[in-house]
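So the chains spell out like this:
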Amino acid sequence: MERPSYGRSGWLGQFEARVGETGILLLFLVPSLVVVGFAQLYPLASSAYISFFDWTLSRSPVIGPFVGGANYARTFSDPVFAGSLLYTIAFALISTALQLVFGLAIALLTLGERLTLRLTRTLIMLPMVIAPVAVGTIWRMILSGRVGPLNRALAAIGIDGPDWLGNPNWARISLILIDAWEWTPFAVIILTAALTSLPSDVLRAASVDGAGRWKTLRYIVLPMILPVIMLVAMFRLIDGLLTLDIVFTTTAGGPGYATHTLSFWIYQQGLRYFNMSYAAAASWVLLLACVVVAAVFLVWRRRIMAWQVATRS
Amino acid sequence: MEQRPTLSAIAEKLARGLAVALALFVALAPFVILFLNSLRPSDEFLSDSAGLVPSHLTFEHYAEIFDPSGDTLRYVINSLIITSASTVLAVVFGALAAYALARLKLPFKLSMIIGVLFLVIRFYPKITVALPYFLLMRQFHLLDTHLAVIIAHVSLTVPFVVWLLLAFFEDFPRELEQSAMLDGCGPLRRFVLIVLPLTTPALAAAAVLTAFLSWNEFLMASSVAPNVATTLPVRISGFITDKGIEWGSMSAMSSVVVVPVALFALFTQRYLARGLTVGAVKG
């Protein structure tokens with residue numbers, strides 16, 4: 001077999017020699033930066049721009065007059081916006097909390113290299129790999145009022161199940177539970193990795209029978225994996241604030257506006273009613289909320305890691 | 001005194017097993033229900049007497065959605081084209097950029113700034129981008145084309161690929177590249193001939209994650225390709241607004257989206273877990 005040439009000969013070698021080391025590496029960056037700039041950064045900037053103008057696409061194909069912060073002011077006096085904001089925050093917080101609790105429990109229960117445990121971890125991952133819109137249709141089926149399998153199972157043990165997706169409050173709760181079902185596997189995967197990387201004597205102490213175990217877990221294991229727990233919390237909190245897909249296929253925002261998440265509401269404003277400027281302003285409010293969440297978490301995490309380093313030595 | 005610990009140990013083992021079994025049941029039962037419903041005769045969906053398992057299995061819903069006069073096959077092909085093109089492009093672009101960031105010595109910490117920029121893209125609401133991106137595609141007359149969705153998906157996944165591979169390329173032993181460098185081997189050939197062959201597991205992890213993301217993505221696909229270049233997830237969302245819900249065909253269509261991905265996940269589980277872990281924990 002001919003060994004690939006590493007020398008300066010050949011057209012490739014000459015090309016590399018002419019453009020130079022740094023030049024080629026800079027060229028390597030170009031495709032990614034072009035795509036990201038074109039399809040992410042430019043639209044992002046353009047949405048910030050649009051948010052200060054008045055523009056309804058269905059009425060006019062070109063952007064309207066400059067209105068300053070009027071679109072932003074409008075979002076805060078819009079009761080539907082306020083309602084969706086509140087629901088979205090509750091949704092993200094409760095769902096993330098559930099994911100962390102169940103994720104940690106499952107990670108601890110399935111820790112180990114036995115085949116059955118590994119297989120369990122693999123199977124438990126499935127809810128998060130399927131399309132969120134499909135998650136929605138599956139649960140819509142399971143939760144459907146009278147004939148859904150869940151209410152039938154409840155009826156079999158004598159409980160008259162609620163109209164999960166038809167009653168506003170139950171619909172709000174159902175969506176949160178569906179999201180937690182879908183994303184708990186993420187917490188399991190990450191926390192399993194964090195637990196596995198702990199020193200083995202810590203893990204052994206934590207698996208010893210008796211009263212010492214909870215203490216080990218509470219005072220040694222949890223503090224050690226706290227930075228990872230917070231990272232999972234940050235990812236899931238932000239993704240929770242952006243929840244959109246499952247709303248489409250479960251409740252479509254209803255009944256009424258009960259399950260409008262902020263992203264869903266913005267989607268309706270922008271891509272259904274074509275209130276481009278209003279939707280853009282609302283989406284920037286959401287974006288700034290995400291920035292705040294991320295910043296708080298990263299600063300907090302850095303403090304905790306510094307504290308860990310300080311106490312370990 | 002001897003009996004007690006063993007008894008509690010047995011009780012604990014049992015409780016543990018039950019808890020794991022329950023978790024597995026909650027995670028997997030919905031998949032079983034979906035699949036069974038896709039094989040259930042239509043008239044059973046609204047009847048009170050129907051059990052959990054259909055009285056007899058039928059493929060009528062699959063036959064219906066794959067009817068030659070229908071469009072399902074086109075949606076499947078759309079999804080396949082978009083997912084494979086997005087995956088290849090995102091991994092190629094992302095690997096090149098990650099290698100450059102790992103090797104370049106740019107002034108003003110520019111490498112870090114670009115790296116963080118890629119991370120930030122993971123965190124802002126995609127709905128902010130979806131509206132102007134829709135306008136952009138309208139302007140370029142690319143609405144309802146595969147290309148519009150592919151560009152969107154590459155732009156969403158490239159940052160993730162860069163972030164994931166950066167760690168691997170930074171840890172890549174430079175001695176392996178050094179001797180080739182002395183021969184006059186430039187970065188392009190070093191990257192392709194030396195670095196890539198030794199980082200295939202990381203590339204596989206990046207590819208697997210990208211493929212999942214693209215196959216499942218809904219927001220961008222639904223905003224720029226609502227009618228012609230429609231992907232499967234977008235089609236599924238249509239079942240809700242249609243007059244009345246056709247449970248059978250909805251289940252069949254959902255199974256078409258879910259089952260291949262679930263099987264694929266079982267086989268690529270190692271890469272998937274590694275990709276998610278590195279991507280999340282490294283930050």
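Since this is a predicted model, take the numbers as computed values, not measurements.

Caption draft 1: Just the overall build of chain A, in detail. The secondary structure content of chain A amounts to 14 helices and 0 strands. Listed N to C, the secondary structure of chain A is α-α-α-α-α-α-α-α-α-α-α-α-α-α in terms of helices and strands. Taken over C-alpha atoms, the radius of gyration comes to 25 Å for chain A, far larger than the 20 Å a tight globule of 313 residues would show. Taken over the C-alpha atoms alone, chain A extends approximately 70 × 70 × 50 Å along its principal axes. Taken across its 313 residues, chain A has 42% of its residues classed as buried.

Caption draft 2: Expanded view of the environment of B:Leu34. All names here are of chain B. Looking at the element boundaries, Leu 34 is found in helix 1 (residues 3-38). Residue classification places Leu 34 among the buried residues on the basis of 23 C-beta atoms within 10 Å. In this structure, the C-alpha to C-alpha distance between Leu 34 and Arg 103, residues 69 residues apart in sequence, is 49 Å.

Caption draft 3: The domain arrangement of chain A, seen in detail. By domain assignment, chain A separates into domain 1 (10-50) and domain 2 (79-312). If you average the C-alpha positions of domain 1 of chain A and of domain 2 of chain A, the two centres end up 36 Å apart.

Caption draft 4: View of the environment of B:Phe264. Take B:Phe264: it is sitting in helix 12 (residues 247-267). Distance from B:Phe264 to B:Ala27, taken between C-alpha atoms, is 17 Å for residues 237 residues apart in sequence.

Caption draft 5: Looking closely at the interface of chain B and chain A. Between chain B and chain A, the residue contacts involve 82 residues of the former and 78 residues of the latter. If you tally residues by element for the side of chain B that touches chain A, the top one is helix 1 of chain B, at 14 residues. Residue composition of the side of chain B that touches chain A, grouped by class: 61 nonpolar, 15 polar and 6 charged.

Caption draft 6: Examining helix 12 of chain B more closely. Between its terminal C-alpha atoms helix 12 of chain B stretches 30 Å, which fits the 30 Å expected from 21 residues at 1.5 Å a residue. Of all the bends in helix 12 of chain B, the greatest, near 30°, is centred on B:Ser255.

Caption draft 7: Up close: the packing of helix 3 (residues 72-103) of chain B against helix 9 (residues 200-216) of chain B. Residue and element names in this part refer to chain B. Where helix 3 contacts helix 9, the two axes come as close as 9 Å, and the packing angle between them is 140°. Between helix 3 and helix 9, the interaxial angle falls into the category oblique. Crossing hand, helix 3 versus helix 9: right-handed. When helix 3 is examined against helix 9, the residues Ser 79, Ile 82, Thr 83, Ser 86, Thr 87, Ala 90, Val 91, Gly 94 and Ala 95 are found in contact with a partner set consisting of Leu 203, Ala 206, Ala 207, Thr 210, Ala 211, Ser 214 and Trp 215. Here the residues of the contact of helix 3 with helix 9 are counted per class, giving 9 nonpolar, 7 polar and no charged.

Caption draft 8: Structural context of the domain arrangement of chain B. All names here are of chain B. Each assigned domain of chain B is listed here: domain 1 (3-62) and domain 2 (70-281). For domain 1 versus domain 2, the separation of C-alpha centres amounts to 33 Å. Counting residues at the interface gives 10 residues for domain 1, matched by 9 residues for domain 2. Counting residues per element, the ones that place at least two in the side of domain 1 that touches domain 2 are helix 1 and helix 2 (60-65). Ranked by residue count, the leading element in the side of domain 1 that touches domain 2 is helix 1, at 5 residues. Across the side of domain 1 that touches domain 2, the residue classes tally to 5 nonpolar, 4 polar and 1 charged.

Caption draft 9: Layout of the nonpolar core. Formed by 162 residues in total, the largest nonpolar core has its most connected members in A:Leu191, B:Tyr133, B:Val149, B:Val161, B:Val162, B:Leu165 and B:Ala206. Per-element tally for this core: the top contributor is helix 6 (residues 146-171) of chain B, with 16 residues. When near neighbours in sequence (up to four residues on either side) are disregarded, B:Val161 contacts B:Ala90, B:Val91, B:Gly94, B:Ala95, B:Ala206 and B:Thr210.

Caption draft 10: Focus on unusual backbone geometry. Positive phi, close to 60°, is recorded for A:Phe274, a residue that is not glycine. Mapped onto the fold, A:Phe274 is located in the loop between helix 13 (262-272) and helix 14 (276-312). Classification of A:Phe274 as partly exposed rests on a count of 17 C-beta atoms within 10 Å. Although it is not a glycine, B:His141 adopts a positive phi angle of roughly 55°.

Caption draft 11: Main features of the packing of helix 4 (residues 79-109) of chain A against helix 9 (residues 168-196) of chain A. All names here are of chain A. One can describe the packing of helix 4 onto helix 9 by two numbers: an axis separation of 6 Å at closest approach and a directional angle of 40°. Classed by the angle they form, the pair helix 4 and helix 9 counts as oblique. Here the hand of the crossing between helix 4 and helix 9 comes out right-handed. Every residue of helix 9 that contacts helix 4 at Tyr 87, Phe 91, Ile 94, Ser 95, Leu 98, Gln 99, Leu 100, Phe 102, Gly 103, Leu 104, Ile 106 and Ala 107 is listed here: Arg 172, Leu 175, Ile 176, Asp 179, Ala 180, Trp 183, Thr 184, Ala 187, Val 188, Leu 191, Thr 192 and Leu 195. In the contact of helix 4 with helix 9, the residues fall into 17 nonpolar, 5 polar and 2 charged.

Caption draft 12: Main features of the confidence of the model for chain B. When pLDDT is averaged across chain B, the result is 84; 92% of the residues are at 70 or more. Of the two predicted TM-score estimates for the complex, the pTM is 0.88 and the ipTM is 0.86.

Rules used throughout
- Residues numbered from 1 in each chain as written.
- Chains lettered and ligands numbered in written order.
- Predicted model: local features only at pLDDT ≥ 70, side-chain atom pairs only at ≥ 80, totals over all residues.
- Helix = DSSP H or I, 4+ residues; strand = E, 2+ residues; numbered from the N terminus.
- Rg over C-alpha atoms; globule rule 2.2 N^0.38 Å.
- Buried ≥ 20, exposed ≤ 12 C-beta atoms within 10 Å, placed from the backbone.
- Domains from an automatic or database assignment.
- Contact = placed C-beta atoms within 7 Å.
- Nonpolar A, V, L, I, M, F, W, Y, C, P; charged D, E, K, R; others polar.
- Expected span 1.5 Å × (residues − 1).
- Bend = angle between axes of the 7 residues up to and from the residue.
- Axes fitted to C-alpha atoms, helices over the stretch in contact; angles between N-to-C directions.
- Parallel < 35°, antiparallel > 145°, perpendicular 65-115°, else oblique.
- Left-handed = near helix turned anticlockwise from the far one by under 90°.
- Core = buried A, V, L, I, M, F, W, Y, C linked by C-beta atoms within 7 Å.
- pLDDT = per-residue confidence, 0-100.

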